[in-house]
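What follows is each chain in one-letter form.
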There are 2 protein chains.
Amino acid sequence: MLRTLATDAVDKIGKTIKLQGFIEKIRDHGKITFLDIRDMSGLIQCVGENLPKVTPQSAVEVSGVVNKRPSKMVNKNIKTGTIEVWITRLEILSKAEELPFDMGKDELGLQLPTLLDFRTLTLRHTKVAKIFKVQESLMEGFRKASKELGCTEIFTPTISASSTEGGSEVFKVDYYGHGAFLVQSPQLYKQMLVPTFERVCLVSRAYRAEPSVTTRHLSESIQMDCELGFVDFTDLLDAMEFTGRETISYAVEKCKDVLNEYKVAEIKVNKNVPRLTLREAQKILMDRTGIDHTKELDMMPEDEREICKWAHEEKNCDFVTITHFPTRKRSFYTMPDPKDPEYSLSYDLLFKGVEILSGSQRINDYGELVKIIKAKGMNPENFKMYLQTFKYGMPPEGGFSFGLERLTMLLLDLSNIREASLFPRDMERVDFRLPPKNKEE
Amino acid sequence: MLRTLATDAVDKIGKTIKLQGFIEKIRDHGKITFLDIRDMSGLIQCVGENLPKVTPQSAVEVSGVVNKRPSKMVNKNIKTGTIEVWITRLEILSKAEELPFDMGKDELGLQLPTLLDFRTLTLRHTKVAKIFKVQESLMEGFRKASKELGCTEIFTPTISASSTEGGSEVFKVDYYGHGAFLVQSPQLYKQMLVPTFERVCLVSRAYRAEPSVTTRHLSESIQMDCELGFVDFTDLLDAMEFTGRETISYAVEKCKDVLNEYKVAEIKVNKNVPRLTLREAQKILMDRTGIDHTKELDMMPEDEREICKWAHEEKNCDFVTITHFPTRKRSFYTMPDPKDPEYSLSYDLLFKGVEILSGSQRINDYGELVKIIKAKGMNPENFKMYLQTFKYGMPPEGGFSFGLERLTMLLLDLSNIREASLFPRDMERVDFRLPPKNKEE
């Protein structure tokens, strides 16, 4: 007999079906036992007499007859709430050991270390699993938006001979006895493809060996990127806001139920995202809070939260674009504003109080790039392939990137980015907590 | 004035337009100069009098009037072959240095080291760039096929505490002073997600520190994977063949023109892919060639080519599935055939004489896995997160994976996999050829 998915069983009243899934809950009423079985389509209640002993999370196969539930027993919270299956055969495909905690609750309610130490188990919990359905939708939304921008999808390497952004926060790889690095971002490679395709998009990895543990950084993360040629600063702002808005709107629309379950407040997507220079934003903040951050070179986390509150209240929008960050605070390839080179043609898109997309127009002149690389104390020889691109003609161009886990965390109001990564990597953890290092090493 | 894309200019006869692109060819006829300009949509011929001096590959902006060409001057090879643009203004946005070779030929005709040493330049060549349009289509085809299988797209880590398959061919990473590895494949992680989503698909990286240089291996490659729960061996063969067939058919359909340009012979996609056990295939090969490989534990490269010839000639199909490889030749997680445990429930899909997809049903019993890990001389402690999955209930499951670059190479009959990677990594190259190692190290 072919397998029936749980949610397809509602159309099979009176018929005998075969189900396959995991035991989510067991309610033992003496001779009669109720089993909630979960498969890829959802949950279904099964019931039987004198069943063999089963344990929660065991993988089972069940044959039985689909019955309509009496109306007062209907469960409106699940799609199969109007039916139950009377079990005629129960086969245990794989028996689960005793669980370290109750998996049958609506909320797991575990501390983060436990959530991650038992990751293969906690990911089975429906509410946890749904985080990654939202993540999948964000990725689909990004792909849709970047295709609409006319981007070609490319695949760039993660092992590199030079560090992308300079700095020491890179992971070193032993590459056949040669020193190599994991890329901090696909930045340099995506730029190199602009003369080939003009507009490119990609999903890659970003590796950051930052020696700190925060709630919003990972050592390995999934990065989504676009890079566009023959564009000016306004084109870039339009493209960034379009991509951010469409990516989020797509997931919000597709995952309404999950957002409701996570009690996410309605998101205001105004097509006219307010745009402020850093200096303008700082002035608004001083007016609102009385605290003077106008001399700061960047937005403080509390500034990001407050300016988003301003956009929400004053502009009916949960996004706000900040532009013109100080040139020396951004990466070497960022184009200084020709009208005021202390500030750069850079931008961040903020959402729910946090930066989600970041980018800039790039320097596209070979000589300028060599000069700035040297001025930053780096060796142009280490950027030889990158610089080659500019030798042979590079139009005005720019782009932006964003992190998938951070976006997932923000959209669902999760308190820690690790909840938005299937197997998060940080300074202290690779699957399990790393052992303490020998201090003498 | 807004920019017009080259291929949109055909509808603008008599109008003044603005084009942006790269100079592909310059034909200097004294006072009159013809410029072929390439943008993301294609090529367009522009012509003008007393133009400023330009160089090939420079990025330019051109204003001009669209004219119909006389019928005998029509170029049927390009979409804009019926028109040309009379240049009224030419602005050089970024001037290219003198090129190291002629980029204006239909075929670049470079040796591989030159092709890669000037990668940012050679990728601009239309015929080279099209390889990656085919690659993009293969990825789209894979995503479409895996969605049809009901897979959830997941994102798994590339930094791991244990090597996936055992063996020493792994890249070591200095992870905050701890030893870690780059994954040889996402195999273990995708299996861990089966109890969460039942069916998963993913695009990840595969890192192989193989100390050899061949025409069909890369040290870093893009890997596409599926893993399905609650399936038997036949379900898995069906899913693998479906995915392989649909991925290729999608790209063939979408990139017809490129395949023609690459003179690719018509591909026979028969929905009934012939299935042979390794032993059956070896017998057919002995009958065809007279050479006895029936004692071999695997297919030799010449065997793969010959059995594909057999499938093409006898079964009207360019695919052939080989099953039941010897258990000891496959990875530890491969399920032995219960009827004959010397052989395993494994399979390869061959296409054009080469293996493109590979997979198996997996051992899904915790105790069996621990036993085999120990028997292979590995430490179960290194597989603790992986094994956790099986402790808490794992249904019969299996999957398959394939490499994007190899598939691209085969589809276009390229002679070296490096041509199918934007920036290939191998033992000898990271962008440029690595310097010789100090032998004393």
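On a predicted model such as this, the values are computed, not experimentally measured, just so you know.

**Considerations on the overall build of chain A**
When its secondary structure is counted, chain A shows 12 helices and 21 strands. Dimensions of chain A, computed from the C-alpha atoms along their principal axes, are close to 80 × 55 × 45 Å. Here chain A, with 441 residues, has 59% of them falling under the buried criterion. Restricting the contact set of chain A to residue pairs at least 6 apart, pairs at least 24 apart contribute 65%.

**Some points on a negative patch on the surface**
Residue and element names in this part refer to chain A. A cluster of acidic residues, D292, E296, D298 and E302, forms a negative patch on the protein surface. Along the chain, the position of E296 falls in the loop between α8 (278-289) and α9 (301-315). The partly exposed category is assigned to E296, whose relative accessible area is 31%.

**Quick word on the packing of aromatic side chains**
Applying the stated criterion across every chain yields a total of 26 aromatic pairs over all chains. When the centroid spacing of 5.0 Å and the interplanar angle of 65 degrees are considered together, the rings of Y386 of chain A and F390 of chain A count as edge-to-face. With Y386 of chain A and F390 of chain A both in helix α11 (residues 384-391), this residue pair falls 4 residues apart, about one helical turn. Between F332 of chain B and Y333 of chain B, the ring centres sit 5.2 Å apart and the planes meet at 70 degrees, which makes this aromatic pair edge-to-face. A relative accessible area of 3% means that F332 of chain B is categorised as buried.

**Quick notes on the environment of I372 of chain B**
All names here are of chain B. By the secondary structure assignment, I372 is in helix α10 (residues 366-375). Since its relative accessible area comes to 25%, I372 is described here as partly exposed. The sequence separation of I372 and E140 amounts to 232 residues, and the corresponding C-alpha distance is 37 Å. Once residues lying within four places of it in the same chain are set aside, the contact partners of I372 are F332 and I363.

**Overview of the sheet that holds strand β21 (residues 432-433) of chain A**
All names here are of chain A. The 3 strands lie next to each other as β19-β20-β21, forming an open sheet whose pairing is antiparallel. On the outer flanks of this sheet lie β19 (425-426) and β21, each paired with one strand and no other. Pairing analysis gives 2 bridges linking β19 to strand β20 (residues 429-430), with the strands arranged antiparallel. In the sheet register, D426 faces β20, and the bridge partner there is R429.

**A few points about α11 of chain A**
Judged by how many residues are buried, α11 of chain A sits mostly within the fold: 6 of 8 residues are covered. Listed as buried for α11 of chain A are M385, Y386, L387, Q388, T389 and F390 of chain A. As for α11 of chain A, its buried residues are in contact with α4 (187-192), α5 (194-197) and α10 (366-375) of chain A together with α1 (112-117), α2 (119-122) and β21 (432-433) of chain B. A positive phi of about 90 degrees marks G393 of chain A, the residue just after α11 of chain A.

**Concerning the packing of helix α8 (residues 278-289) of chain B against helix α9 (residues 301-315) of chain B**
Residues and elements named next belong to chain B. Remark: α8 packs on α9, axes separated minimally by 10 Å, with the N-to-C direction vectors making an angle of 85 degrees. When the axes of α8 and α9 are compared, the pair comes out roughly perpendicular. Counted together, A281, I284, L285, R288 and T289 of α8 and D303, E306, I307, K309, W310, E313 and E314 of α9 form the full contact between these two elements. When the residues that make up the contact of α8 with α9 are grouped by side-chain class, the tally is 5 nonpolar, 1 polar and 6 charged.

**Examining the domain arrangement of chain A**
Taken domain by domain, chain A consists of domain 1 (6-94) and domain 2 (119-433). The C-alpha centroid of domain 2 of chain A is placed 45 Å from the C-alpha centroid of domain 1 of chain A.

**A word on the interface of chain A and chain B**
The partner chain B presents 101 residues to the 100 residues of chain A that form the contact. For the pair chain A and chain B, the two sides together bury roughly 8500 Å², of which 60% comes from carbon and sulfur. Together, F155, Y176 and Y392 of chain A form the three largest contributors to the area buried by chain A at its contact with chain B, with a combined 11%. Connecting chain A to chain B are 8 salt bridges. The shortest N-O distance in the salt bridge between K147 of chain B and E140 of chain A comes to 3.4 Å. One can count 59 residue pairs in polar contact (both at pLDDT 80 or more) joining chain A with chain B. A per-element tally of the side of chain A that touches chain B places helix α3 (residues 126-148) of chain A first, with 9 residues. Here strand β8 (residues 172-175) of chain A runs beside strand β8 (residues 172-175) of chain B; their pairing, made up of 3 bridges, is antiparallel. Within β8 of chain B, the position partnered with D174 of chain A by the bridge is K172 of chain B.

**Describing the sheet that holds strand β4 (residues 59-68) of chain A**
All names here are of chain A. Within the closed barrel, the 5 strands sit side by side as β1-β2-β3-β5-β4. Their pairing is mixed. The average angle at which neighbouring strand axes cross in this sheet is 55 degrees, direction not considered. Of the strand pairs in this sheet, β4 and strand β5 (residues 83-94) are connected by 10 bridges, and their pairing is antiparallel. If you follow E61 over to β5, its bridge partner there is E91.

**Some points on the relation of the copies chain A and chain B**
Least-squares fitting of chain A to chain B yields an RMSD of 0.0 Å, with the transformation described by 0.0 Å of translation along the axis and a rotation of 180 degrees. The superposition operator between the copies reduces to a two-fold rotation axis. In terms of C-alpha distance to the rotation axis, chain A has V173 of chain A as its closest residue, with the C-alpha 2.3 Å off the axis. When the interface residues of chain A are mapped onto chain B, 100% of them are again interface residues, pointing to one common binding face.

**A short note on the nonpolar core**
Y386 of chain A together with Y386 of chain B are the most contacted members of the largest nonpolar core, which totals 182 residues. Apart from residues lying up to four places away in sequence, Y386 of chain A is in contact with L188, Q191, M192, F332, Y333 and L369 of chain A. Core analysis: the next-biggest nonpolar cluster, separate from the first, contains 22 residues, A180, L182 and L434 of chain A together with V173 of chain B among them.

**Points about the state of the cysteines**
All names here are of chain B. Scanning the model with the defined rule gives 0 disulfides over all chains in all. In this structure C308 is a free cysteine whose sulfur lies 9.1 Å from that of C317, the closest cysteine sulfur available. When its relative accessible area of 0% is taken as the criterion, C317 is described as buried.

**Remarks on the pattern of salt bridges**
The final tally for this structure, using the stated rule, is 64 salt bridges over all chains. A salt bridge links E136 of chain A to K147 of chain B, with the shortest nitrogen-to-oxygen separation between them at 2.4 Å. Highlighted residues: E136 of chain A in helix α3 and K147 of chain B in helix α3 (residues 126-148), drawn from two different chains. With a relative accessible area of 5%, E136 of chain A lands in the buried category. Across the pair D426 of chain A and R418 of chain A runs a salt bridge, and its minimum N-O distance is 2.6 Å.

**Re α9 of chain B**
The end-to-end C-alpha distance of α9 of chain B is 20 Å, a good match for the 21 Å that 15 residues give at a rise of 1.5 Å each. Those residues of α9 of chain B that fall on the buried side of the exposure criterion are D303, E304, E306, I307, C308, W310 and A311 of chain B.

The rules behind each value
- Positions within a chain are numbered from 1, following the residues in the order the chain's sequence is written.
- The order in which chains are written sets their letters, starting at A; the order in which ligands are written sets their numbers, starting at 1.
- In keeping with the predicted nature of the model, local features appear solely for residues at pLDDT of at least 70, side-chain atom pairs appear and are counted solely at 80 or more, and the whole-chain, interface and lining totals rest on all residues.
- The side-chain figures draw on all heavy atoms in the structure; neither hydrogens nor water molecules are used.
- Helix and strand labels come from DSSP, where a helix needs a run of H or I of at least four residues and a strand needs a run of E of at least two; each type is numbered from the N terminus.
- For every residue, the accessible area (1.4 Å probe, protein chains only) is compared with the maximum for its type, and the residue is labelled buried under 20%, exposed over 50%, or partly exposed between those bounds.
- Contact between two residues is taken to exist if any of their heavy atoms lie within 4.5 Å; hydrogens are not considered.
- Patch membership requires more than 30% relative accessible area and the absence of a salt bridge. Residues of like charge join within 9 Å; the nonpolar side chains Val, Leu, Ile, Met, Phe, Trp and Tyr join within 5 Å.
- Shrake-Rupley sampling with a 1.4 Å probe provides the accessible areas, and residues are treated as covered by the protein chains on show and by no other component.
- Only one rule defines a salt bridge in this text: a Lys or Arg side-chain nitrogen within 4 Å of an Asp or Glu carboxyl oxygen.
- Positive residues here are Lys and Arg, negative ones are Asp and Glu, while His and the chain termini are left out of the count.
- We put the charge of a Lys on NZ, of an Arg on CZ, of an Asp on CG and of a Glu on CD.
- Two rings from Phe, Tyr or Trp (for Trp, the six-membered ring) form a pair when their centres sit within 6.5 Å of each other. Planes less than 30 degrees apart are called stacked, planes more than 60 degrees apart edge-to-face, and all others tilted.
- Pairs of strands are assigned from DSSP output, requiring at least two bridges between the strands.
- Between the N-to-C directions of two axes lies an angle of 0 to 180 degrees, each axis being a line fitted to C-alpha atoms and, for a helix, fitted only over the stretch in contact.
- Any angle from 65 to 115 degrees is called roughly perpendicular, while one under 35 is roughly parallel, one over 145 is roughly antiparallel, and all others are oblique.
- Residues were grouped as follows: Ala, Val, Leu, Ile, Met, Phe, Trp, Tyr, Cys and Pro as nonpolar; Asp, Glu, Lys and Arg as charged; and all remaining residues, including Gly, as polar.
- Residue ranges labeled as domains rest on an automatic or database domain assignment.
- Note on definitions: buried area is the accessible-area loss of two parts on being combined, 1.4 Å probe, summed for both.
- Whenever two N or O atoms come within 3.5 Å, that pair is a polar contact, provided that in protein one can donate a hydrogen and the other can accept it, and provided that, for residues adjacent in sequence, both atoms are side-chain atoms.
- A residue counts toward the fit only if its pLDDT is at least 70 in both copies, and the copies are then superposed by least squares on the C-alpha atoms of those residues.
- Each nonpolar core is a collection of buried residues, namely Ala, Val, Leu, Ile, Met, Phe, Trp, Tyr and Cys, held together in the definition by side-chain atoms within 4.5 Å.
- By disulfide we mean two sulfur atoms from cysteines, separated by a distance within 2.5 Å.
- To estimate how far a helix should reach, multiply one less than its number of residues by 1.5 Å.

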